[in-house]
Amino acid sequence: MSTQTPQTRSARELRQRRRARQIAEHASGGILPIIIKIALIAVVDAISLFALFVAMTHGQWIVFAVVLVIAAVVNLVYFKRGWLPAKYLTPGLIFLLIFQVFVIGYTGYIAFTNYGTGHNSTKEDAVMALVQSAQERVPDSPAYDLTVLEQLGNYSFLVTAPDGTVSVGDDSTPLSTVSGAEMSGGVAVGLTGYTSLDFADVLEHQKEIAAMTVQISDDPNDGALRTPDGSKAYLYISTLEYDEAAGTMTDTKTGTVYSDTGVGAFTSESGEQLMPGWSINVGLENFTKAFTEQSIRGPLLSVTIWTFVFALLSVLTTFALGLFLAIVFNDMRMKGRKLYRVVMILPYAFPGFLGALVWAGLLNRDFGFVNDVLFGGAAIPWLTNEWLAKFSIVWVNLWLGFPYMFLVCTGALQSIPDELTEAATVDGAKPFAVFRLIKLPLLLVSIAPLLISAFAFNFNNFNLIYMLTQGGPRDAGAGINVGATDILISMVYKVAFDGATSDYGLASAFSLIIFVVVSLVAIISFKQTKSLEDLN
Amino acid sequence: MTRTQNASPETRQSIPTSKAARPAKRPVGFSRWFRATGWRHLVGVIVIIYAVFPLLYVLSASLNPNGTLLSSNGLFAKIGLDSYVTLFTSPQQPYAAWFGNTLFIGLTASAGTIFLGALAAYAFSRMRFKGRRFGLVSLLVVQIFPQLLAVVAIFLLLNTIGEIFPVLGIDNQIALILVYLGGALGVNTYLMYGFFNTVPTALDEAAKIDGASHVRVFFTIILPLVSPILAVVGLLSFIATTNDFVIASVVLVSPEKQTLAVGLYQFVSQEFTSNWSVFAAGAVLAALPVMALFLYLQKYIVGGLVAGSVK
């Protein structure tokens, strides 16, 4: 310990120097930035504290943990000396982690469930929903005197049973006996901490009050109270009886027994299902469905092929036209080039989704300008015939995309030094050879990354497809809602959000498949452009 | 490689003519003029018709009082501002609200994107730390997976959060902005990082010697110097958010909270043919400010795109 090796000495020097730098940094800061910093962190902490409290009362422990970790990290990063890069990276990273990284992972999780219409909650919720939806008023059952109470925007029922007991309950908590209620003529009319609704209030909130069901007890089979008028409540008992021990649902009218067979819904022996069900882990079922079921595999395959064809054609056509125009207008002697240029890039400035909608109008089969005026009233199905629709999409995308390629190619052409062309011409090269062997390769070097990003953009060019054709014409034989011009991303959207039923599980499985495809394309293109090499 | 074949015949023509024109004899005949530059004008006119016609058409349709899709085919046959009035008075489509929402969401999201992106770009460009290269590479990798694809997960996530904090749930614009900020790092940081690197480090080192803190250097020296790229990133992210349909349509449910992309699409998909001129008026009003801004800034945008991609 007594002797200092040169290494420890230099380490100490380093430490000292770092400390000196920190002190200097600190001294130079001034008081205002520190106040701002403390104020901002105080705001973050206050919001976090509130969020923690709310999450706790809802029993959402995952949210609670996430908020806690974020708050802890923020405090640590900004109060700790040093860690300078973290101070600059943390805000963006928090958003990136939640809304980009986490949701990708979550997509992966959903892909292995049957989440979707009829399967979007827990089994408990499904039991409750089924029992409540099958409730019927019990004939000749006694009426309960009722006063509707309000507390912080939530309504409760204060009921006086025929035997005189007074109890209170609401949508999520069953009736429980209370004492000390304010009585009037043997009927409870008020309770401390609550506001009693008078007749006018009840009328005003009639819908919410009529939709309320307050359970008699913890057991859903005991039935629940409902009120048609806000002054009397009646007992409703469900025709579905839930047997918790056996895990079965029995229809008391028909005697059919529905049991949990592991498919996420109560199923009878004949295969009939009660909806809503609940979401369960289905393992690889979505993927096997996608790859083996003919009515899904076929469309998935053709959509994948069309996605690639469309993206490739889009890049090729826009690049070809853009490059051609760049060459045509790259002539110094031509007059009015500036005017041409400004007018030509207008489609690029026009918002893309509007462009597609306008073209949808132009190409309309019955009333569109193209058919009505240019083709003299011919009813050419530009958007409703499979092949014409594909053609129209490429045509409209050319309109949307060529100005960009024109701008980029013009820029790249002008950055190629004239000396190269001159030297080659002196050496006897023909103009076309100069273009093919000198200009084009140089052009491609600077434009290749843009072509790849254009490909990636068109690979997910949802707006164009959805606004122009909605993916149609629909493929009638398909087991899912897809059409001839759907690309992968619009297929995912339609399976999940378009139409009467949503299959989030299947849509997420499709998303995962696309992730894999996109990654492969990206790896190949990165290798090609070696764009990762100059990161240092 | 078909590209080469497509483009080649034209170049073959263009370059010999340019050489032939130089020792030109005095009287310039029409055919000589046409071979040199005239045909270029012909190409230009054709392309301009292709480029501008849909825009003229939508302008004409918007000026057609209460026009349908069919009656809009007579270009500029009737002129009136009725559709513009209907746009703001009809309860069917809360156009003014859509416009305001789009501006609010777009501006807030792009301001946030600029700020978060610039912070990160500053760190990557000026500091050397463990995991820096890994960070840069993983930013690129994460960007390969667009948020669009995770839209189901975003929907379900917001649904869950919304049960606890309604402010951050479905049908809330703040939630949508936060989702957009999830993409703040990535391509934008890359563009900025490339630009930050072109600012000489001697500048901030000098400031540090003079006693400026890193915060001060960032706000008073770096940010003003990189303002062109900040404008580009801001405009790009503004355009991206105003053009977004997928996430906005999933998050925003009630009509008065929606953006132009969602609202106009739903309006036109319900009443496609009968209210065409009202839609056209909405489209013109929505496009004009964006186009004006775009034309004003286009030099920087193209420059930024090329520079960013090469870097």
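As annotated in an unreviewed UniProt entry, chain B is Carbohydrate ABC transporter membrane protein 2 (CUT1 family) from Paramicrobacterium agarici. Recorded under Sequence similarities (unreviewed entry), the UniProt text for chain B is reproduced unchanged: "Belongs to the binding-protein-dependent transport system permease family. MalFG subfamily." Looking at chain B in UniProt, the text filed under Subcellular location (unreviewed entry) is "Cell membrane".

In the nomenclature of an unreviewed UniProt entry, chain A corresponds to Maltose/maltodextrin transport system permease protein from the organism Paramicrobacterium agarici. Quoted straight from UniProt, the Sequence similarities (unreviewed entry) entry for chain A says "Belongs to the binding-protein-dependent transport system permease family. MalFG subfamily." Annotation of chain A in UniProt includes, under Function (unreviewed entry), the sentence "Part of the ABC transporter complex MalEFGK involved in maltose/maltodextrin import. Probably responsible for the translocation of the substrate across the membrane."

Q: Looking at this structure, I do not really get the overall build of chain B. What am I missing?
A: Counting secondary structure elements, chain B contains 14 helices and zero strands. Sequence-ordered secondary structure for chain B, helices as α and strands as β, is α-α-α-α-α-α-α-α-α-α-α-α-α-α. Relative to its full complement of 311 residues, chain B shows a buried share of 56%. In chain B, the share of contacts with a sequence separation of at least 24, taken over all contacts with a separation of at least 6, comes to 69%.

Q: Explanation requested: the packing of helix H9 (residues 294-328) of chain A against helix H14 (residues 386-414) of chain A in the structure shown.
A: All names here are of chain A. Put simply, H9 and H14 touch, their axes get as near as 6 Å, and they point 45° apart. Comparing their axes, H14 and H9 come out oblique. Crossing hand, H9 versus H14: right-handed.

Q: It is not clear to me how the side chain of A:Thr90 should be interpreted in this structure. Could you clarify?
A: All names here are of chain A. Mapped onto the elements of the fold, Thr 90 is located in helix H4 (residues 84-110). From its side chain, Thr 90 meets the backbone oxygen of Ala 86 in a polar contact 2.5 Å long. Ignoring sequence-local partners within four residues, the contact set of Thr 90 consists of Val 73, Val 77 and Tyr 78.

Q: Explanation requested: the UniProt feature "transmembrane region" (unreviewed entry) in chain A in the structure shown.
A: UniProt tags residues 27-55, 61-79, 91-112, 305-327, 339-362, 392-413, 440-459 and 504-526 of chain A as "transmembrane region" (unreviewed entry). Helix makes up 100% of residues 504-526 of chain A and strand 0%, with an end-to-end C-alpha separation of 32 Å.

Q: In this structure, what is going on with the pattern of salt bridges? I would like to understand it.
A: If charged atoms from side chains of opposite charge come close, those side chains can pair. Residues and elements named next belong to chain A. By the definition in use, this model includes five salt bridges over all chains. The residue Asp 503 makes a salt bridge to Lys 289 at a minimum N-O spacing of 3.9 Å. One end of the pair, Asp 503, is in the loop between helix H18 (488-497) and helix H19 (504-529); the other, Lys 289, is in helix H8 (residues 285-292), and 214 residues separate them in sequence. Using a relative accessible area of 22% as the deciding quantity, one classes Lys 289 as partly exposed. Among the salt bridges present, the one from Asp 366 reaches Arg 365, with a minimum N-O distance of 3.4 Å. When its relative accessible area of 43% is taken as the criterion, Asp 366 is described as partly exposed.

Q: What exactly am I supposed to notice about the packing of aromatic side chains here?
A: Given two aromatic rings, their pairing is described by the distance between the two centres and the angle made by the two planes. Taken as a whole, this structure holds 43 aromatic pairs over all chains when the rule is applied. Each residue in the set A:Tyr115, A:Phe462, A:Tyr466, A:Tyr493, A:Phe497, A:Tyr504, B:Phe155, B:Phe245 and B:Tyr265 is aromatic and connected to the rest through ring pairs, giving one cluster. Cation over ring: A:Lys80 sits above A:Trp83, and NZ or CZ is 5.3 Å from the ring centre. The cationic tip of A:Lys390 hangs over the ring face of A:Trp387; the distance from NZ or CZ to the ring centre is 4.7 Å.

Q: Teacher, can you tell me more about the interface of chain B and chain A here?
A: Each partner contributes residues to the interface: chain B has 116 residues there, and chain A has 109 residues. Across the chain B to chain A interface the summed buried area is about 10,200 Å²; carbon plus sulfur atoms make up 78%. Where chain B touches chain A, the interface holds zero salt bridges. At the junction of chain B with chain A, the criterion picks out 12 residue pairs in polar contact (both at pLDDT 80 or more). By residue number, the principal contributor to the side of chain B that touches chain A is helix H2 (residues 30-63) of chain B, which donates 18 residues.

Q: Sorry if this is basic, but what is going on with the pairing of strand E4 (residues 166-169) of chain A here?
A: In summary, the side chains of a regular strand alternate between the two faces of the sheet. Residues A:Val166 and A:Val168 point to one face of E4(A) and A:Ser167 and A:Gly169 to the other, with burial holding for every one of them. Here strand E3 (residues 154-160) of chain A folds back onto E4(A) in antiparallel fashion, the turn holding five residues, of which A:Gly164 has a positive phi close to 100°.

Q: Could you clarify how one ought to interpret the packing of helix H4 (residues 95-126) of chain B against helix H10 (residues 214-225) of chain B in this entry?
A: How two helices sit against one another is set out by the angle between their axes and by the gap between those axes. Residue and element names in this part refer to chain B. Interaxial distance between H4 and H10 falls to 12 Å at its minimum, and their mutual angle equals 105°. Taken together, the axes of H4 and H10 lie roughly perpendicular to each other. In this structure, H4 uses Phe 115, Ala 118, Leu 119, Tyr 122 and Arg 126 to contact H10, whose residues at the interface are His 214, Val 217, Phe 218, Phe 219, Ile 222 and Leu 223. Class assignment for the residues of the contact of H4 with H10 results in nine nonpolar, one polar and one charged.

Q: Could you clarify how one ought to interpret unusual backbone geometry in this entry?
A: The phi torsion of most residues other than glycine is negative, and most of the peptide bonds are trans. Positive phi, normally seen in glycine, also occurs at A:Gln470, with a value near 55°. With respect to the secondary-structure elements, A:Gln470 resides in the loop between helix H17 (462-468) and H18. The phi torsion at B:Asp171 lies on the positive side, around 70°, for a residue other than glycine. Note that B:Asp171 resides in the loop between helix H6 (151-164) and helix H7 (173-181).

Q: What's the story with the sheet that holds strand E13 (residues 248-251) of chain A in this structure? I'm lost.
A: Strand pairing in a sheet is mediated by backbone hydrogen bonds. Such pairs are either parallel or antiparallel. All names here are of chain A. Spatial ordering of the open sheet is given by E12-E13-E14-E15, a layout of four strands whose pairing is antiparallel. Looking along the sheet, the strands with just one partner apiece sit at the ends: strand E12 (240-243) and strand E15 (266-268). Across this sheet, the average inter-strand angle for adjacent strands is 30°, counted without regard to direction. With three bridges connecting them, E13 and strand E14 (residues 257-260) associate as antiparallel partners. In the sheet register, Thr 248 faces E14, and the bridge partner there is Ser 259.

Q: Sorry if this is basic, but what is going on with the UniProt feature "transmembrane region" (unreviewed entry) in chain B here?
A: Residue and element names in this part refer to chain B. In the numbering used here, UniProt assigns the "transmembrane region" (unreviewed entry) feature to residues 42-63, 103-124, 136-162, 174-196, 217-240 and 276-297. Across residues 136-162, the secondary structure splits into 78% helix and 0% strand, with the terminal C-alpha atoms separated by 33 Å. The straight-line gap between the two end C-alpha atoms of residues 217-240 is 30 Å; of that span, 96% is helix and 0% is strand.

Q: So what exactly am I meant to see when it comes to a nonpolar patch on the surface here?
A: On the surface, a nonpolar cluster with roughly 530 Å² of combined accessible area is contributed by A:Ile31, A:Leu32, A:Ile35, A:Ile36 and A:Leu40. Positionally, A:Ile31 belongs in helix H2 (residues 31-58).

Calculation rules
- Residues numbered from 1 in each chain as written.
- Chains lettered and ligands numbered in written order.
- Predicted model: local features only at pLDDT ≥ 70, side-chain atom pairs only at ≥ 80, totals over all residues.
- Heavy atoms only, no water.
- UniProt positions renumbered as here; feature names shortened; annotations may be inferred.
- Helix = DSSP H or I, 4+ residues; strand = E, 2+ residues; numbered from the N terminus.
- Buried < 20%, exposed > 50% of the residue type's maximum accessible area, 1.4 Å probe, protein only.
- Contact = heavy atoms within 4.5 Å.
- Axes fitted to C-alpha atoms, helices over the stretch in contact; angles between N-to-C directions.
- Parallel < 35°, antiparallel > 145°, perpendicular 65-115°, else oblique.
- Left-handed = near helix turned anticlockwise from the far one by under 90°.
- Polar contact = N/O pair within 3.5 Å; in protein donor to acceptor, adjacent residues only side chain to side chain.
- Salt bridge = Lys/Arg side-chain N within 4 Å of Asp/Glu carboxyl O.
- Phe/Tyr/Trp six-rings, centres within 6.5 Å; stacked < 30°, edge-to-face > 60°.
- Lys NZ or Arg CZ within 6 Å of the ring centre and 35° of its normal.
- Buried area = accessible area lost by both parts, 1.4 Å probe.
- Pairing = 2+ DSSP bridges.
- Nonpolar A, V, L, I, M, F, W, Y, C, P; charged D, E, K, R; others polar.
- Patch = residues over 30% accessible without salt bridge, like charges linked within 9 Å, V, L, I, M, F, W, Y side chains within 5 Å.
- Areas by Shrake-Rupley, 256 points an atom, 1.4 Å probe, with all protein chains shown as cover.

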